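# Geometric and topological summary
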Amino acid sequence: MVKKLMKGNEAIGEAAIAAGVRNYFAYPITPQSEVAEYLTWRLPEVGGTFVQAESEVAVGNMLFGAASTGKRVFTTSSSPGISLMQESLSYMAGAHLPVVLVNIMRGGPGLGGILPSQADYFQSVKGGGHGDYQLIVLAPSSVQEAVDLMILAFELADKYLAPVMIIGDGMIGQMMESVEFPEKYRDESNPDEKDWALTGAKDRKPRIVKSLFLNPEELEINSLTLDKKYREMKKSETRHELYKVTGDTKILITAYGTMARICQTVIDELEEEGISVGLFRPITLFPYPEKELFAEVIKDNIEYILDVEMSTGQMIEDVERIVKGARPIDFYGRTGGIVPSPNEIKDKIREMLKK
Amino acid sequence: MDKQIEVVFAGFGGQGVMTAGQLLAYTAMEEGKQVVWIPSYGPEMRGGTANCTVVVSDDRIGSPIINNPMSACVFNRPSLDKFGSLLRKDGLLLINSSLIDVKSGRDDLTETLIPANDIALKLGNPKVANMVMLAAYVAATDIVSFDTLGGMLDKKMGKKKELLDINHRAFEEGRKLIETIKA
Amino acid sequence: MSNDANIIFERPTAMSDRITHYCPGCTHGVIHRLVAESLDELGLRERTVGVAPVGCSVLAYNYFNCDFMEAAHGRAPALATGFKRTRPDMIVFTYQGDGDLASIGMGEIVHSANRGEKFTTIFVNNAIYGMTGGQMAPTTMPLQKTTTSPSGRNVELTGYPIRMVELLSTLKTPSFIARVGVFSPMHIVQAKKIIKKAFRLQAENKCFTMVEVLSTCPTNWGITPIASTKWVASDMEPYYPLGVFKDYEEGEG
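What you see is a predicted model, and the numbers here were worked out from it, not measured in a lab.

### Some details on the interface of chain B and chain A
- Chain B puts 20 residues into the contact, and the matching count from chain A is 25 residues.
- Interface area, chain B with chain A, both sides summed: about 1,900 Å², of which 62% is carbon and sulfur.
- In this structure, the connection of chain B to chain A is made through one salt bridge.
- R60 of chain B is the salt-bridge partner of E241 of chain A, the closest N and O atoms lying 3.2 Å from each other.

### Focus: the interface of chain A and chain C
- The interface of chain A with chain C comprises 35 residues on the first partner and 31 residues on the second.
- A combined buried area of about 2,600 Å² lies between chain A and chain C, and 61% of that area is made up of carbon and sulfur atoms.
- At the boundary of chain A and chain C, one finds 11 residue pairs in polar contact (both at pLDDT 80 or more).
- Where the side of chain A that touches chain C is concerned, the elements lending two or more residues are β2 (23–26), β3 (49–52), α3 (56–67), α5 (86–94) and β9 (208–209) of chain A.
- The element best represented in the side of chain A that touches chain C is α3 of chain A, accounting for seven residues.
- The residue makeup of the side of chain A that touches chain C, split by class, is 18 nonpolar, nine polar and eight charged.
- As paired elements, β9 of chain A and strand β2 (residues 67–70) of chain C share two bridges and run parallel to each other. Considered in β2 of chain C, the bridge of V209 of chain A is made with M69 of chain C.

### With respect to the sheet that holds strand β2 (residues 34–39) of chain B
- An order of β1(A)-β8(A)-β2(B)-β3(B)-β1(B)-β4(B)-β5(B)-β6(B) is seen for the eight strands of this open sheet, with the pairing classed as mixed. Each having just a single partner strand, β1 (3–7) of chain A together with β6 (110–114) of chain B make up the two edges of the open sheet. The sheet shows a mean angle of 20 degrees between the axes of neighbouring strands, taken without regard to direction.
- Bridge count for strand β1 (residues 4–12) of chain B against strand β4 (residues 71–74) of chain B is four bridges, and the pairing is parallel. Within β4 of chain B, the residue paired with V8 of chain B across the bridge is A72 of chain B.
- Where helix α4 (residues 129–141) of chain B meets the sheet, it contacts β1, β4, β5 (92–96) and β6 of chain B, and its direction lies at approximately 155 degrees from that of β5 of chain B.

Rules of the game
Residues numbered from 1 in each chain as written. Chains lettered and ligands numbered in written order. Predicted model: local features only at pLDDT ≥ 70, side-chain atom pairs only at ≥ 80, totals over all residues. Heavy atoms only, no water. Contact = heavy atoms within 4.5 Å. Buried area = accessible area lost by both parts, 1.4 Å probe. Salt bridge = Lys/Arg side-chain N within 4 Å of Asp/Glu carboxyl O. Polar contact = N/O pair within 3.5 Å; in protein donor to acceptor, adjacent residues only side chain to side chain. Helix = DSSP H or I, 4+ residues; strand = E, 2+ residues; numbered from the N terminus. Nonpolar A, V, L, I, M, F, W, Y, C, P; charged D, E, K, R; others polar. Pairing = 2+ DSSP bridges. Axes fitted to C-alpha atoms, helices over the stretch in contact; angles between N-to-C directions.

Structure representation (structure tokens):
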């Protein structure tokens, strides 16, 4: 495999092609516009097309239409644009459509700012559109992982017939790192293989892709079908990573995405001072690695949990839910595009240890 | 080499600071290192201050954001003002003395004056000031070899022979300057 | 009558054998049939995907014998764009009412037309919101009474009815844009010709095609079906003139 130095946004575009995507729909927004700028020349090379839509509302609905063909499709955007796609996310979840969306998060609420943020955890994990649905949510912490999770995202979307969201922050999109792509790219999928795809009612009954069920019994069946998928995901699809969690670890940090990387630096530097801190990094934010986190926190040596986020505290609600009071949980976060520095986090940990 | 090296390239938009940082990152990757290149980004596409950070390491890189980097190449006064004070103790500061007539005022740094624009002008193209500075930084730190750096330049900018030549000469000048200072 | 008498009228293959939920006197059924006949006659049914809107025709997918998608309110042209760009070999049509297309979906239809997306839009204009119970639409006539304009549409406060065909005809991108009526047998025959032409142009991969059909809503207008067709002729047609406004095949229309 050849190593390339690539910007996260461009690597995400290339990863989609590796996953077999030939159709991409998007609207420009900082800090993810490079994906469209990359794919606008790269897709035609592989016989694909990019449509620059009139709005993110349209993008989401173009995805609905495109996914109904049975082919792999995706979009990228940033927080305010993802807000506008919530309508289509709800419809696509309800209609069991496999799509992949990437949110390169920026500061909010409102127009907010354009610098890195993790303030869309609630929106992604707890729903943002209406109705009983969930998205699979994946959180990469490096450009290589963004590529790997893109490829996984399409597989999960196809497996569960559900929308998958990748959330990274502005850093993931903007930074360049060395990255490797699969040697063999996936062939364009053949829509005729899928028994739900709209391919024309030739020698068969018409197929309908919809989220409308006026009969309450039918609607309940659809909701239960969705719920069954989510239960299966919780059983089979959780992913996480531990960093320097040992029998001496007193403080367990919970953090995701690039925030978790910054915490790795904190952990390395504190190790030199003789302070043992470990990291629990969820890679799937939904389904959350609940059992795995609980198993770590109840170990005798763990005294505290410190949740670190680029928000005023969103994932911490899941951590609290899972830990169920078994250990005290503290929080450190910065917002507005200010990335917590290793020094700030170290100060926070030293302060915790004084207690 | 230290386990991890961080350097900031900072200047006006248009001074080629991003390119200099990228070339360093490509070269370090070619030599088998872990690298991260991360830009400042924003609506000020032209004329404002621009900077990028390059992190080079033998191991997996943690934080891509470096609050107190160990070295910086500053191309204009606002960049000196910003990064001069942020550098770690015992850090390395290369100052583009063609455009900056002061130093950081700190006594815990190694500061080297590089008249990058003057050298570039003498070479016949003011745009290669970034390459003079990059070469000076590489010569001062031995972070990568000049062979790999030159090879990467050919690979990334190898379209126009004339432009390539002048970039290579900018490398030589930057390198010579540091060797003279060291000697 | 002999058993081998020639069949001269039957259900188009592109329509399913199902009784519609539409009110007596509504012309959705007629318009559905014109679309289905066109698909049959052009041999397109087996590779056609329809997009149903939100409005009275939300259940249109039950009445057509072809693949269908059900869109969010106003977004049918975005779904059609996504589908057609991904499968340019298929035939795609949206079937939208006036609230869906001219109000909440104004952005999607204008940009789809302007990009020259090669699908067909059937735009059914009956000057009112039917499904939600007779509220004012962007195409409601001046002084027309609705549940949200009980004293009649006040153009001082709500502006004038939007003429979508005229609006879209101003776009430079080549297209086929027409308005037809189905309020008399003669009009139905003419409407069929134009709807069929729209599908033919799509099948030939020529341009964006849209046919606006002036329709009725006896239930929410509060008058009889016969009075409704008369009202279309007397009140709607003068404001919404019929004809082909832009024709790809005749250059700039």
